[in-house]
Every structure is written in structure tokens, then in C-alpha cells.
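Structure assessment
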Amino acid sequence: MNLSTGRLEDPADAYEIYRACEERDKPDVPPLALEGFVARHAHPWPGATLEHYLGFLDGVPVGYVQVELPILDNLDNVNIELSVLPAHRRQGVGRALLDLVLERARALGRKNVIAPVMSRHPDGAQFASAAAAKPALEEVRSRLDLRTVDQARHDALLAGAWQHAEGYRLILWTGVPPEEIIDDVAYLDGRLNADAPTGDLAWEPENVDAAKIREGEQRAALRGRTSYHAGALHGERLVAWTKIAGDATDPAHAWQNITLVDPGHRGHRLGMLVKLANLAHVRELRPGLEVIDTFNAASNEHMLRINRALGFRALDSVTFWQLTV
């Protein structure tokens, strides 16, 4: 058996590895279509560069790793997504790819390698533990099924939220935020790693400005992804914000992403308000939408409680493992 690794030249060469692993590890989440997978390689998120490598057995690609290198902040970190075809696991391919990542991390002066591992199957955790990584943060994946949503309950929750939100008003948009609030979006986005639980991960607050927000939305569009936003304004300032994003190739599925409220405006049920407003917003603009998935830190009981009230139900979890180089 001949084991080797090499840089990925054509993203399509890794697609079947990605797809097969996604379908095994997350069978109820639709994987990216080939065009979306290729576009993800061509248009990385701003603030990071990507490297991609394949692992081969006897010349056949059976493993794949995406290496994300932050370049604006978190400069000690390397974030990876590592996949090995289920039939070829426990044959050294994953370890060879990880060794390559560690070699790159040392060469670049990085100190931490961070990777998500689904809890559905034990092999990922066993691999991470054998590599001397430590579990640092657990996130719960929850799903809202819009086909069975209790609309009367949503209406009641919205009315209750407004009773606590006197003096605020809603704003809705898709894609790039309006110029008059884009700096506020950047401020809220930059608070994510400070406000949301990060466990023992060596994640620092990100440096976010209007240019990064604008570029991120533009690259999302190039990836075939549309984002739907709702915010709460106090005067002319955006003080709460939430986002849902979905890929054009799968109109029935979307992801609930960020939800943030400025600390000085908490206690007015603005998180509930903007999430409900955005659900109505995305359902109007994406009529074929059936389910929305979201991840939240297992320790973030406040947000989990809001999501449960909306009808989200926990399905499984992912653990971020961290390896010190």
C-alpha cells in the first residue's frame, strides 16, 4: 500500500470525497453541489487564505483537507476541515494529511490547529484524541421545520417582543447592508467571538470593518449563496442583527447564522424580534424553503432557549478539537 499526499490542483478532484463524507456524517444536511464546492475554493471568505491537499492510497485520492489561514487576526491559528472516504479510514490517510498540516503550521509560526468533528460517529473523536488534540467547544445543531411551524405561537412571540421593544424599529435587507448601517453591522459582527461562548478555543475577536462585510457578501453571491437579514434600529443606529443564508442549488434548505444584540440594548427581546422578522422575510423571498439548521454553543443556553421557543429542535452536535503545535 503506497500512501502519499499532494496539493489539490482542481477542486473537482476532491468533490466526491467531500460529498461521500458529508452524506455519511450529516445525512440529513444536503451537501454543496459541485458548482458550489468549486466556487467555495475560488472565493474564500475575506480575512483568510485557503490551501487544499489530497491524500492518496496507491495513487487514488481518498482523503482531502482544507486549510484556512487567518490573515487579519487569530494569526496563531490554522482551521482545517479533514475528510477521508469512510471505506479508507484507519489506513493512515488522515494522519498523513494532519502531519502535512502540522508541518505547514510550524513553517508559518502558527500555534493552534482547530478542526470540527461531528459527534454522530465516534471515529472522528477517536482520531482527534489519538493525535493528542483536546476537545475545546461543543456546538449543538438544531433544526426548524417550516412545514410544521406553529405560526400562531410565532405571532404571539412577536407581539410579546414588541411589548418590550418600544422605541425600536425593524430594517430588512438581502446581501450587502445599506451604506447607512454597514459600519454598525461590522461592529456587531466583530463582537461575535467576544459575546458568544468559545469554550477553550484560542479564538480572538475578529477585526471587522465595512469593507470586509461588503466583500464577504459579494463573495457569498459568487458562491451562489444569498443572505437574508433583519435588524433593529434605535434612532439611526443598528443595535441588533441576524442573518439566514441559503444556497441557490438547494432552495429547500438554509442556515441560521449570526444573531447579535449590542450589550447596551439587551433586555428588550431584540434577539427574538429580529429572528422572527427574518423568518418571515426569508419565507417570503424563498418560498420553497422547508428547513433551517443552526449551530449554537452547547453552553449558550440563552440562545438555545430562544431557538426552542421558535420551534428549533436539537439533532446532533459538533465538537471543535484543538491541537497545540
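Everything in this summary refers to the structure shown in the same document. Keep in mind that what you see is a predicted model, and the values were worked out from it rather than measured.

Now for the packing of helix H5 (residues 151-163) against helix H9 (residues 270-285). Contact geometry for H5 and H9: axes closest at 9 Å, N-to-C directions at 135°. In terms of orientation, H5 lies oblique with respect to H9. Crossing of H5 over H9 shows left-handed handedness. Contacts between H5 and H9 pair Gln151, His154, Leu157, Leu158, Ala161 and Trp162 from the former with Met272, Leu273, Leu276, Leu279 and Arg283 from the latter. For the contact of H5 with H9, a count of residues per class yields eight nonpolar, two polar and one charged.

Next up on the list: the pairing of strand S9 (residues 237-247). Look at any regular strand and the pattern is simple: side chains alternate between the two faces of the sheet. In terms of burial, S9 is a largely internal element, ten of the eleven residues being buried. Bridge count between strand S8 (residues 225-234) and S9: ten bridges; the pairing is antiparallel. What sits directly across from histidine 229, in S9, is lysine 243. Hairpin connection, S8 to S9: the antiparallel pair is bridged by two residues, and glycine 235 has positive phi, about 70°.

As for its position among the elements, aspartate 247 is in strand S9. Not counting chain neighbours up to four residues away, the residues in contact with aspartate 247 comprise Leu32, Arg223, Gly224, Arg225 and Arg286.

Before going further, it helps to spend a moment on the nonpolar core. Core analysis: the largest hydrophobic core is formed by 36 residues, its most contacted members being Val67, Val78, Ile80 and Val113. At the level of elements, helix H1 (12-25), strand S2 (48-57), strand S3 (60-70), strand S4 (77-84), helix H3 (93-108), strand S5 (112-118) and strand S12 (313-324) are the ones that each hand at least two residues to this core. When residues of this core are assigned to their parent elements, the largest contribution, seven residues, is made by H3. Filtering out sequence-adjacent residues up to four positions away, valine 67 remains in contact with Thr49, Leu50, Glu51, Tyr53, Val78, Asn79, Ile80 and Val101.

Further remarks concern the sheet that holds strand S7 (residues 168-174). In a beta sheet, neighbouring strands are held together by backbone hydrogen bonds and run either parallel or antiparallel to one another. In space, the twelve strands of this open sheet follow the order S1-S2-S3-S4-S5-S12-S6-S11-S10-S9-S8-S7, with mixed pairing throughout. Edge strands, defined here as strands with exactly one partner in the open sheet, are strand S1 (3-7) and S7. Going across the sheet, the axis of each strand differs from the next one's by a mean of 25°, ignoring polarity. One ladder, built from ten bridges, connects S2 with S3; its direction is antiparallel. Counterpart to histidine 52 in the pairing with S3 is glutamine 66. This element, H3, spans S1, S2, S3, S4, S5 and S12 of the sheet and lies at about 165° to S4.

Let us now look at H5. In this model H5 runs 19 Å from its N-terminal to its C-terminal C-alpha over 13 residues, within 8% of the 18 Å that 1.5 Å per residue would give. Listed in full, the buried residues belonging to H5 are His154, Leu157, Gly160 and Ala161. Projection of H5 onto a plane perpendicular to its axis shows the buried side chains occupying an angular sector of 125°, all on one side. Seen from the open side of H5, the exposed residues pointing more than 90 degrees away from its buried face are Ala152, Ala156 and Gln163. On its buried side, H5 packs onto H9 and helix H10 (301-310).

Along the chain, serine 317 turns up in strand S12. The spatial distance from the C-alpha of serine 317 to the C-alpha of glutamate 138 is 6.8 Å, given a sequence separation of 179 residues. Beyond its immediate stretch of four places on either side in the chain, serine 317 contacts Val117, Met118, Ser119, Glu138, Glu139, Val140 and Arg141. For serine 317, the side chain forms a polar contact with the side chain of serine 119, separated by 2.9 Å.

It is worth spelling out the environment of leucine 97 at this point. Among the secondary structure elements, leucine 97 is positioned in helix H3. Considered as a pair, leucine 97 and valine 78 are 19 residues apart in the sequence and their alpha carbons are 14 Å apart. Those residues in contact with leucine 97 that lie beyond four places of it in its chain are Thr5, Tyr53, Leu54, Gly55, Gly63, Tyr64, Val65 and Leu82.

In this fold, serine 227 is placed in strand S8. The exposure class assigned to serine 227 is buried, which follows from its relative accessible area of 4%. At 2.9 Å, the side chain of serine 227 forms a polar contact with the side chain of histidine 229. Filtering out sequence-adjacent residues up to four positions away, serine 227 remains in contact with Trp173, Thr174, Gly175, Glu217, Lys243, Ile244 and Ala245.

As enumerated under the stated definition, the model contains six aromatic pairs in all. Where tyrosine 15 meets tyrosine 18, the ring centres are 5.9 Å apart and the plane angle is 40°; that geometry is what we call tilted. In this pair, tyrosine 15 and tyrosine 18 both sit in helix H1, three residues apart, roughly one turn of the helix. Note on accessibility: tyrosine 15 and tyrosine 18 belong to one class, buried. On the basis of an interplanar angle of 70° and a centroid distance of 5.4 Å, the ring pair of tryptophan 203 and phenylalanine 320 is categorised as edge-to-face. Remark: phenylalanine 320 occurs in strand S12 and tryptophan 203 occurs in the loop between helix H7 (192-195) and helix H8 (210-222); sequence separation between them is 117 residues. One aromatic cluster is present, formed by Tyr15, Tyr18, Phe37 and Tyr64 through successive ring pairs. Above the plane of the ring of tryptophan 45 lies arginine 223, whose end atom (NZ or CZ) is 3.9 Å from the centre.

What counts and how
Residues numbered from 1 in each chain as written. Predicted model: local features only at pLDDT ≥ 70, side-chain atom pairs only at ≥ 80, totals over all residues. Heavy atoms only, no water. Axes fitted to C-alpha atoms, helices over the stretch in contact; angles between N-to-C directions. Helix = DSSP H or I, 4+ residues; strand = E, 2+ residues; numbered from the N terminus. Parallel < 35°, antiparallel > 145°, perpendicular 65-115°, else oblique. Left-handed = near helix turned anticlockwise from the far one by under 90°. Contact = heavy atoms within 4.5 Å. Nonpolar A, V, L, I, M, F, W, Y, C, P; charged D, E, K, R; others polar. Buried < 20%, exposed > 50% of the residue type's maximum accessible area, 1.4 Å probe, protein only. Pairing = 2+ DSSP bridges. Core = buried A, V, L, I, M, F, W, Y, C linked by side-chain atoms within 4.5 Å. Expected span 1.5 Å × (residues − 1). Arc of directions from axis to C-beta. Polar contact = N/O pair within 3.5 Å; in protein donor to acceptor, adjacent residues only side chain to side chain. Phe/Tyr/Trp six-rings, centres within 6.5 Å; stacked < 30°, edge-to-face > 60°. Lys NZ or Arg CZ within 6 Å of the ring centre and 35° of its normal.

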